[in-house]
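# Structural overview
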Amino acid sequence: MSRPFANGAQPERTGLAWRRTALSAAACAVLLMGASLRHDGPLDLIPAVFAALTALALAAIGRHRERSLRTDPEPPALKPVLPAVVATLCCATALSLLVTY
């Protein structure tokens, strides 16, 4: 594997950490989807949707971050709005769980 810059293993470690986090969020979304199918109300799907959106956001941010670390000799800092979006989605998932269950 050729890299344009000698960043060491940092881009790979960062990418793996983001993928691992996105995968665990996706697993939670699948578990929430299964739990919502056992209930009767359509509002029980809301936590699963928020969890799926969280997993997608984590995967997208991780891919973007890994790509920027691999290609840029001086990668920019992560924009604070991206973790804020993920934190908001996590809080929305937790709040919707408290309301619906």
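In this report, we go over the structure that sits alongside the text. (Residues numbered from 1 in each chain as written. Predicted model: local features only at pLDDT ≥ 70, side-chain atom pairs only at ≥ 80, totals over all residues. Heavy atoms only, no water.)

## So, the nonpolar core
Formed by Trp18, Ala22, Ala25, Ala55, Ala57, Leu58, Ile61, Val86 and Leu89, the largest nonpolar core amounts to nine residues. When contributions to this core are tallied by element, the ones reaching two or more residues are α1 (10–38), α2 (46–71) and α3 (81–100). When residues of this core are assigned to their parent elements, the largest contribution, four residues, is made by α2. Setting aside residues up to four positions removed in sequence, Ala55 forms contacts with Ala22, Ala25 and Ala26. (Core = buried A, V, L, I, M, F, W, Y, C linked by side-chain atoms within 4.5 Å. Buried < 20%, exposed > 50% of the residue type's maximum accessible area, 1.4 Å probe, protein only. Helix = DSSP H or I, 4+ residues; strand = E, 2+ residues; numbered from the N terminus. Contact = heavy atoms within 4.5 Å.)

## Things to note about the pattern of salt bridges
Two side chains of opposite charge can pair, provided their charged atoms sit close to one another. Summed over the entire model, instances satisfying the criterion amount to two salt bridges. Among the ionic pairs, Glu66 bridges to Arg19, the shortest N-O distance being 2.8 Å. One end of the pair, Glu66, is in helix α2; the other, Arg19, is in helix α1, and 47 residues separate them in sequence. A salt bridge links Glu66 to Arg70, with the shortest nitrogen-to-oxygen separation between them at 3.0 Å. Here the residue Glu66 and the residue Arg70 both occupy positions in helix α2, the gap between them amounting to four residues, near one helical turn. Put simply, Arg19, Glu66 and Arg70 are held in one network by salt bridges that share partners. (Salt bridge = Lys/Arg side-chain N within 4 Å of Asp/Glu carboxyl O.)

## What to know about a nonpolar patch on the surface
On the surface, a cluster of nonpolar side chains totalling about 550 Å² of accessible area is made up of Met33, Leu37, Leu45, Val49, Leu53 and Leu56. Only α1 and α2 provide two or more residues apiece to the nonpolar patch. With three residues, α2 is the largest single contributor of residues to the nonpolar patch. Tracing the sequence through the fold places Leu53 in helix α2. For Leu53, a relative accessible area of 40% translates into the label partly exposed. (Patch = residues over 30% accessible without salt bridge, like charges linked within 9 Å, V, L, I, M, F, W, Y side chains within 5 Å. Areas by Shrake-Rupley, 256 points an atom, 1.4 Å probe, with all protein chains shown as cover.)

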